[in-house]
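Chain by chain, the residues run as shown.
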Amino acid sequence: MIRALMAGPEGVREVEPASLGEVLRQLAGDQPLGRGGTGGPFLWVDLDAPTGEEWELLTGVFRFHPLAVEDCQSFTELPKLDVYPDYLFIVLHQVEPAGTRRVRRDELDVFLGPRYLVTVHVDPVEVVGKQWERERQGKGALAQGADMLFHALADALVDQYIPVLEGLQDRLEEMITGLLDESPHPRLPRVTLAIRRQLLRLRHSLEPQREVFARLAQRSTPFVSERAREYLRDVHDHSDRLVGLLALNRELVTYAVDLYLALGNNRMNAIVQRLTIVTTIFMPLTLITGIYGMNFRFMPELEHPYGYPAVLALIAALGIGLYLYFWRRGWLEPVPIPPRRRRPDRGPESRHPPLPPGEASRGRAGGPPSGPRTDG
Amino acid sequence: MIRALMAGPEGVREVEPASLGEVLRQLAGDQPLGRGGTGGPFLWVDLDAPTGEEWELLTGVFRFHPLAVEDCQSFTELPKLDVYPDYLFIVLHQVEPAGTRRVRRDELDVFLGPRYLVTVHVDPVEVVGKQWERERQGKGALAQGADMLFHALADALVDQYIPVLEGLQDRLEEMITGLLDESPHPRLPRVTLAIRRQLLRLRHSLEPQREVFARLAQRSTPFVSERAREYLRDVHDHSDRLVGLLALNRELVTYAVDLYLALGNNRMNAIVQRLTIVTTIFMPLTLITGIYGMNFRFMPELEHPYGYPAVLALIAALGIGLYLYFWRRGWLEPVPIPPRRRRPDRGPESRHPPLPPGEASRGRAGGPPSGPRTDG
Amino acid sequence: MIRALMAGPEGVREVEPASLGEVLRQLAGDQPLGRGGTGGPFLWVDLDAPTGEEWELLTGVFRFHPLAVEDCQSFTELPKLDVYPDYLFIVLHQVEPAGTRRVRRDELDVFLGPRYLVTVHVDPVEVVGKQWERERQGKGALAQGADMLFHALADALVDQYIPVLEGLQDRLEEMITGLLDESPHPRLPRVTLAIRRQLLRLRHSLEPQREVFARLAQRSTPFVSERAREYLRDVHDHSDRLVGLLALNRELVTYAVDLYLALGNNRMNAIVQRLTIVTTIFMPLTLITGIYGMNFRFMPELEHPYGYPAVLALIAALGIGLYLYFWRRGWLEPVPIPPRRRRPDRGPESRHPPLPPGEASRGRAGGPPSGPRTDG
Amino acid sequence: MIRALMAGPEGVREVEPASLGEVLRQLAGDQPLGRGGTGGPFLWVDLDAPTGEEWELLTGVFRFHPLAVEDCQSFTELPKLDVYPDYLFIVLHQVEPAGTRRVRRDELDVFLGPRYLVTVHVDPVEVVGKQWERERQGKGALAQGADMLFHALADALVDQYIPVLEGLQDRLEEMITGLLDESPHPRLPRVTLAIRRQLLRLRHSLEPQREVFARLAQRSTPFVSERAREYLRDVHDHSDRLVGLLALNRELVTYAVDLYLALGNNRMNAIVQRLTIVTTIFMPLTLITGIYGMNFRFMPELEHPYGYPAVLALIAALGIGLYLYFWRRGWLEPVPIPPRRRRPDRGPESRHPPLPPGEASRGRAGGPPSGPRTDG
Amino acid sequence: MIRALMAGPEGVREVEPASLGEVLRQLAGDQPLGRGGTGGPFLWVDLDAPTGEEWELLTGVFRFHPLAVEDCQSFTELPKLDVYPDYLFIVLHQVEPAGTRRVRRDELDVFLGPRYLVTVHVDPVEVVGKQWERERQGKGALAQGADMLFHALADALVDQYIPVLEGLQDRLEEMITGLLDESPHPRLPRVTLAIRRQLLRLRHSLEPQREVFARLAQRSTPFVSERAREYLRDVHDHSDRLVGLLALNRELVTYAVDLYLALGNNRMNAIVQRLTIVTTIFMPLTLITGIYGMNFRFMPELEHPYGYPAVLALIAALGIGLYLYFWRRGWLEPVPIPPRRRRPDRGPESRHPPLPPGEASRGRAGGPPSGPRTDG
Ligand SMILES: [Mg+2]
Ligand SMILES: [Mg+2]
Ligand SMILES: [Mg+2]
Ligand SMILES: [Mg+2]
Ligand SMILES: [Mg+2]
Ligand SMILES: [Mg+2]
Ligand SMILES: [Mg+2]
Ligand SMILES: [Mg+2]
Ligand SMILES: [Mg+2]
Ligand SMILES: [Mg+2]
Ligand SMILES: [Mg+2]
Ligand SMILES: [Mg+2]
Ligand SMILES: [Mg+2]
Ligand SMILES: [Mg+2]
Ligand SMILES: [Mg+2]
Ligand SMILES: [Mg+2]
Ligand SMILES: [Mg+2]
Ligand SMILES: [Mg+2]
Ligand SMILES: [Mg+2]
Ligand SMILES: [Mg+2]
Ligand SMILES: [Mg+2]
Ligand SMILES: [Mg+2]
Ligand SMILES: [Mg+2]
Ligand SMILES: [Mg+2]
Ligand SMILES: [Mg+2]
Ligand SMILES: [Mg+2]
Ligand SMILES: [Mg+2]
Ligand SMILES: [Mg+2]
Ligand SMILES: [Mg+2]
Ligand SMILES: [Mg+2]
Ligand SMILES: [Mg+2]
């Protein structure tokens, strides 16, 4: 589907896709094509899951480079910024949670020219839909320039990562809280591996995307006005924070797994200790009974009237003595409750409720003054 | 074997190796040697497993530097780009899978001059053969310049890495899926070591190769036209993605091995726990039977008519009591099914079928719009 | 709450918030706005947990960029320095211990203009309060320039990190001292995980903050005079040291956990060894008693008058022999005292008193010549 | 020992050490001292384990800087390049295998002037001896310039590292092949530690040496002609490959040790499982026999004619039932063959023969076209 | 204590602290203050543990920056170089061993001006004392310039690190040698943690100190003549080597601990194997004796005259058979000698004598030609 909007001082109007060639010529002729215009009007064309013919618009009318169009058609693994003489070509990734431990990445391709912005996406991209509504109602950013519209889209798209990352972090903090409270979460190793894989994939998208915004924010790229650059610096700040959060989460995973193993070793130590105590106490006692169970004809103890009580007393004394020995040596500490045991208990009344959104969720931008910020 | 093609506006024709000296002089005299010509005609010479005499062509006719020719003759461990005054010398590596866990690396050496491209390879290089066919049929890139032909070869050669890397990743994901589903793949440690070794070797080829394309795509190298540079930027993008995939796979290996060890520790814990339970329950019972198996003459219990049932009841009560004690302490959780056991089951109805080509295979360039892209 | 001070050669006076617009115009008109003035007077405005209306001062009177004001309103995860044409916008973090293993981070936002400094903070910031008192008494730095006042605040704020980091390090050293003394602290794994998490979060604040001071100290930023730059170099030195301390502490955590695991393995080895000794000694002895407990009619040993003492002697000899065998093989080393055991002992007479503030606390700046500096 | 050669268009002649001062003056006066001469003649002076007096030549006749001479006299840990106004001072390291797991590093110091090369070495350096022979027979590089002679020495010296590194890698691959074939080499941990130590030391020499060649190959250093620079680029390529091989080998060591530990854990799991099976099967059976070994007067089963066969059948049924239970639970997998066991078998018919020189040895430079290059 | 020396062409003379102001004025007026003078005379002032009044010299007479003086007064964690318009301020650290595993770091602060050097130290600094003696006897470096005196002090101070680092390395090599010889040092984990902590702290001093010398050696800093710069390059070489040694030692620690754990696991495997063998052999035998110890009336075997010898033979055959089974399966390998056992043996006749100073000690600078350099 192709749809187009034009916005300028006189307001917003929809443009017929068929007339886009004509409109482009007018835009070019209207006034000298300054780089990052201030006058307007500005054009936004959105290609939503374009069909075979609709792809023609990019090559035929806009005359974009075939390699850029090819990048629009297939999933481009790494976000990037390519500078062409007449436009910028920018590949961005959006994320959405898909289930509890999975993440869905979609691509948004953008051509940013002096007076127009072309967005291309094979799958639906939420931020495009919302911004389109805003522009149609005249509350958008297009009237301030194609670059300001690009900022609005990029800002919303980067903000989408925050709840996804915070969801993963909450799951992780839940694990770690369990570890620190001496009740390690039963499925910790598997959950952390799953989270780690997601973090790896998010990094795959986020690090090159941060570089795209770094270049747009710091260096003098064509088609981006000084004013938009200041706004894109803010998007870069957020990308930077996201990459930092990723790194923090990856380190937390490592530590949590290390700690889980250490606690597992402690438990193993305690169990084997218990086994050793039992064996060491009972084997000598059993030997004594074995001795007096032998069938020798001449065993004077057996004939003695106090033989039996004496041996019973010996067994009791030895057993208690060995027990006290272990007690004094400190071997009798309780074995920690095995973590796996509690698995059937999970469900509605789980002892591992999701953490209230912690420190991570306090970073949301643009809100009112936030409450206290204590790190845990 | 030496073979040569000439392509230009007038079409394609094969050239006799013997007349190459003459052709080269004509090319040089035809018109001033612009760097990265547009006019044509252009020459492609391919040396396929050259014999002793055929090597002479490089030193005698083309007068290439002896060190470059030496690099053609032996396997050059690291891809590279050397800039000589009259030509570029470029070493690239191609890969092919050789068996299920092995990879074969071959070298393709390229001399890129203003109007000619010379390719040298000791072993057969698939992309050269295919491109040669395309050129002969006049559907190739040579007519657009020697640099555009170089791009065509480099693009195909880099794309060859994708299925190889994805094959390794599929094998790895199969392992990890097993871990996450609680049925770790029996040979995981060995398979991951083998994959890790391949990844190390691929990195050996891929990282310097990416640097070669980065230099060709970003800086102004002679003999590469602005147009070819834009296309080589695309090859650099793909190389970058491959290096990223390598890093991702290496981290996945680390995590999988860590998780395997953690699960092995959990299983050990459960087994030792079981052993401790059995020992702790039976040792006291055996002691009781030992006591009443002693042969003392005066043991009043033995004479009592209810002595035997009383002791049997004591044994039963103690056994059940200890069992309940362990049950209440949560020690009775099931031991995880041992991973090794399932090895004989593998084969046609294996529980570890190869994953359907997952996310990784979605990145293939240049295809039609791809389906949903959910990361797992 | 908004409050304002003006300081110059003539002394200090408080300014009504309502008249700030007027004052700003005077400052601008008074004399050409040199960058980093020397003449004075200078203005300090402090917004402490501003209400909705009070935020207006920033946008309406000072006309700061809306993105900078937005950053003031929410928690900004990473300290930063943004250069605007008419002022610097600087985000800093202060820390305070919040409980024994937790840290609270608060944000201080600063606008540094040619003749004014505006500080904004949603939560109370200790160093601002103290400096305000000092300025009011005329003992402050404002009279020497807005940049010198900024230095005074930054210096105090960075110094606040030292006791926090040293507190964490002391806790860590206590753990390590226990490990080196063969009495590992019982809760070591959990405590180190908690410390590690704090260190990660402090790094989140400290590394970008160091970069802010590096830029202010090394490069020529507007609104900072050469004199203030020399002082800010000192703040950068301290930030550098803090980042180094962080790295040192993170490595100490890793080593301590590794060592804890190694000692745990040693203990496990010793326990299993003990179990093996007991089993290996008693099983053969029990077998012997079992043999002579069999009820065969024809067992000549049973009839022999010295049968019983001979078998007793055999049992004793075999038991002692096996014991001596293990003793000679070195298997009889004592099992290390289990660490967990001592947990109830902790409290007033704990064997793990907090270390006297060690080397780390000797680095405090500006004090008198310190005593000997031996690293432990 | 001091010896000197002079080579030029007119051929080669030996020079008396005593006349070196005179010769140097002639060289200087002969024609203007171009940097990296082309005309010749050129002088090579070699100091082989110089005595106290012979050191005087460097300070007295050549007037080299005292710090450079000091560096010649003691072992200089890190190769380096110092640029003095009248000459380059270059420290290189050669290696030789010294036993199976040890490596010997020796130092070669070089002064490269416009028309002379001075080599200094305390220990014999193989490549100097060989090159001296070649020069004396007029087949050397000195006649083409002092810088070309330096290249010849450096090239041979760097090539010496290849067999040493490949020897270590072969030993390592032997270990890893054993691991992948399920028969881990018994001494793997110790051998890999020894290899790791050698790799660390080789890196100590190789990384700074690569930097020396990078500077000589890439930047414009005095006393090195453009032609020699092209040749030194080849030496840098080889150094780069060596550093890459080092890194690859270090990662292989890490993986091999990780895998060894994982396989050890698997084996431990299997052994403990076996122990648990035996204990769980026999303890209940022994309890039954204990019960019927008790001496109560009234035990009706004992009187029953089929009591004994019934209990025997019960014991058999319970034993077999427990065995089948474990079999069905998959606990009966074979314990992997213990690695240590095979140690006495080593020697002439060892199952761990050295690998045929694998991929690593295929990289040797300058040979004839190599065979297939399959990575394993 | 304040003391001062003046050296120049006319010789050396001591200067009264009280007259330092006068002397400074003379030095400044004597001749234009070239940067890094050649003419002399030059002044050296040493403040050794200055008292409150003596600090006044720095601020009052020399007019050094208050921040620099503050840095002199407290321990400055990181060595650094601050360039002030009229002098350089340099903070260096010296080390001394303090006990067997501890290191003491002291600070030496230096002000280097055009014609003077001021050294400040709160604790005694050995190299200052020795150099002072040398200067007083006219054998020093002051007469050649303040920068040459600075080199002499820096060179000696850096050389002090070598024995300290080598002491730690010797201790480490002793551990590793034990590991490679199959007799791991009993206290290895604790000793390596202690060494690791020292290495961390030394790195804290050494890395920034190297950067100080890198800046002095490579860039054009004021107050350092070209001649002194060449000498400082040598100090930088040594610092570089020290940092490399630190890294090497840190990696050795990691490897040694990894190997220790691997050997511990091997030993555990062997012990548990032994336990399993004993249990598996004796449990069936005990069951047999239990069967024939039952008191059934009708047990035909018991009546048979050869019943007893037959069962004895069965027991022997089964025991030997199981033993042979384990022997053939390779389970009977010897358990490695437990490392802890040998602890009482340590002392005069310890099996772990300190290594003869190994490779590390061969690097000492400036000595006579060293012997063979084989790395182990
Ligand atoms: Mg795409
Ligand atoms: Mg945003
Ligand atoms: Mg950035
Ligand atoms: Mg912001
Ligand atoms: Mg955080
Ligand atoms: Mg925002
Ligand atoms: Mg080659
Ligand atoms: Mg491609
Ligand atoms: Mg790149
Ligand atoms: Mg592309
Ligand atoms: Mg992916
Ligand atoms: Mg493509
Ligand atoms: Mg904020
Ligand atoms: Mg401070
Ligand atoms: Mg810095
Ligand atoms: Mg300071
Ligand atoms: Mg410290
Ligand atoms: Mg200070
Ligand atoms: Mg030397
Ligand atoms: Mg070579
Ligand atoms: Mg290089
Ligand atoms: Mg080569
Ligand atoms: Mg590790
Ligand atoms: Mg290789
Ligand atoms: Mg070569
Ligand atoms: Mg100090
Ligand atoms: Mg020195
Ligand atoms: Mg350096
Ligand atoms: Mg030196
Ligand atoms: Mg060394
Ligand atoms: Mg020296």
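Note that this is a predicted model, so its numbers are computed, not measured.

Here is what the cut-offs are and how they apply
- Residues numbered from 1 in each chain as written.
- Chains lettered and ligands numbered in written order.
- Predicted model: local features only at pLDDT ≥ 70, side-chain atom pairs only at ≥ 80, totals over all residues.
- Heavy atoms only, no water.
- Contact = heavy atoms within 4.5 Å.
- Buried area = accessible area lost by both parts, 1.4 Å probe.
- Salt bridge = Lys/Arg side-chain N within 4 Å of Asp/Glu carboxyl O.
- Polar contact = N/O pair within 3.5 Å; in protein donor to acceptor, adjacent residues only side chain to side chain.
- Helix = DSSP H or I, 4+ residues; strand = E, 2+ residues; numbered from the N terminus.
- Buried < 20%, exposed > 50% of the residue type's maximum accessible area, 1.4 Å probe, protein only.
- UniProt positions renumbered as here; feature names shortened; annotations may be inferred.
- Least-squares fit on C-alpha atoms with pLDDT ≥ 70 in both.
- Axes fitted to C-alpha atoms, helices over the stretch in contact; angles between N-to-C directions.
- Parallel < 35°, antiparallel > 145°, perpendicular 65-115°, else oblique.
- Left-handed = near helix turned anticlockwise from the far one by under 90°.
- Nonpolar A, V, L, I, M, F, W, Y, C, P; charged D, E, K, R; others polar.

A.B. asks: How should I be thinking about the interface of chain C and chain E in this particular structure?
C.D. replies: Frequently, the measure chosen for interface size is the accessible area that the parts lose on association. Listed as interface residues are 71 residues of chain C and, on the opposing side, 75 residues of chain E. Of the roughly 6,800 Å² buried between chain C and chain E on both sides combined, carbon and sulfur atoms contribute 57%. The tally of links between chain C and chain E comes to seven salt bridges. Linking Asp82(E) and Arg233(C) is a salt bridge whose minimum nitrogen-to-oxygen distance equals 3.8 Å. Where chain C packs against chain E, one counts 18 residue pairs in polar contact (both at pLDDT 80 or more). Of all elements in the fold, only helix H6 (161-180), helix H8 (226-291), helix H9 (300-303), helix H10 (307-328) and strand S8 (374-375) of chain C reach the threshold of two or more residues within the side of chain C that touches chain E.

A.B. asks: What is the right way to look at the side chain of Lys80(E) in this model?
C.D. replies: Its place among the elements puts Lys80(E) in strand S4 (residues 80-84). A relative accessible area of 9% places Lys80(E) in the buried class. Polar side-chain contacts of Lys80(E) include one of 2.3 Å to the side chain of Asp237(C). Among all residues touching Lys80(E), those that are not within four sequence positions of it are Asp237(C), Asp71(E), Phe89(E), Ile90(E), Val91(E) and Val212(E).

A.B. asks: What should I look at first to understand the UniProt feature "transmembrane region" (unreviewed entry) in chain A in this one?
C.D. replies: All names here are of chain A. The UniProt record annotates "transmembrane region" (unreviewed entry) at residues 275-294 and 306-326. The span residues 275-294 carries 90% helix and 0% strand; its end-to-end C-alpha distance comes to 28 Å. Here residues 306-326 is 95% helix and 0% strand, with 30 Å between the C-alpha atoms at its ends.

A.B. asks: What am I meant to see in the relation of the copies chain C and chain E here?
C.D. replies: Copy one and copy two of the chain differ by a rotation about a common axis and a shift along it. The two copies are related by a screw motion: chain C maps onto chain E through a turn of 72° and a shift of 0.0 Å along the axis, at an RMSD of 0.1 Å. A rotation of that kind, with that shift, is consistent with a five-fold axis. Closest to the rotation axis within chain C is the C-alpha of Gly293(C), separated from it by 4.7 Å. Little of the interface of chain C is mirrored in chain E, where only 15% of its interface residues again form contacts.

A.B. asks: Hey, could you run me through the side chain of Thr289(D) in this one?
C.D. replies: Position of Thr289(D) among the secondary structure elements: in helix H8 (residues 226-291). Residue class for Thr289(D) comes out buried when judged on its relative accessible area of 3%. Setting aside anything within four residues of it in sequence, one finds Thr289(D) in contact with Ile315(D), Leu287(E), Gly290(E), Ile291(E) and Met294(E).

A.B. asks: Please clarify how the relation of the copies chain B and chain A should be interpreted in this entry.
C.D. replies: It takes a turn of 72° to lay chain B on chain A, together with a shift of 0.1 Å along the axis; the resulting RMSD is 0.1 Å. A different interface surface on each copy is seen, since only 15% of the contact residues of chain B are contact residues in chain A too.

A.B. asks: Sorry, what's going on with the packing of helix H5 (residues 146-159) of chain C against H8(C) here?
C.D. replies: Two quantities define a packed helix pair, namely the angle between the axes and the distance from one axis to the other. All names here are of chain C. At their nearest, the axes of H5 and H8 sit 10 Å apart, and the two run at 15° to each other. With respect to H8, the axis of H5 lies roughly parallel. For the crossing formed where H5 meets H8, the hand is left-handed. Counted together, Asp147, Met148, Phe150, His151, Ala154, Asp155, Val158 and Asp159 of H5 and Arg227, Ala228, Tyr231, Leu232, Asp234, Val235, His238, Ser239 and Leu242 of H8 form the full contact between these two elements. In terms of residue class, the contact of H5 with H8 is made up of nine nonpolar, three polar and five charged.

A.B. asks: For this particular structure, what's the right way to read unusual backbone geometry?
C.D. replies: Most peptide bonds are trans, and most residues other than glycine sit at a negative phi. All names here are of chain B. Its identity as a non-glycine residue notwithstanding, Ala49 has a phi of 45°, on the positive side. Structurally, the position occupied by Ala49 is in the loop between strand S3 (42-48) and helix H2 (56-61). Residue class for Ala49 comes out partly exposed when judged on its relative accessible area of 37%. One non-glycine residue, Arg63, lies in positive phi territory at about 55°.

A.B. asks: Would you mind showing me how to read the interface of chain B and chain A here?
C.D. replies: At the junction of the two partners, chain B supplies 71 residues and chain A supplies 75 residues. Roughly 6,800 Å² of surface becomes buried between chain B and chain A when both sides are summed, with 57% attributable to carbon and sulfur atoms. There are seven salt bridges connecting chain B and chain A. Note that Glu303(A) and Arg297(B) form a salt bridge whose closest N and O atoms lie 2.6 Å from each other.

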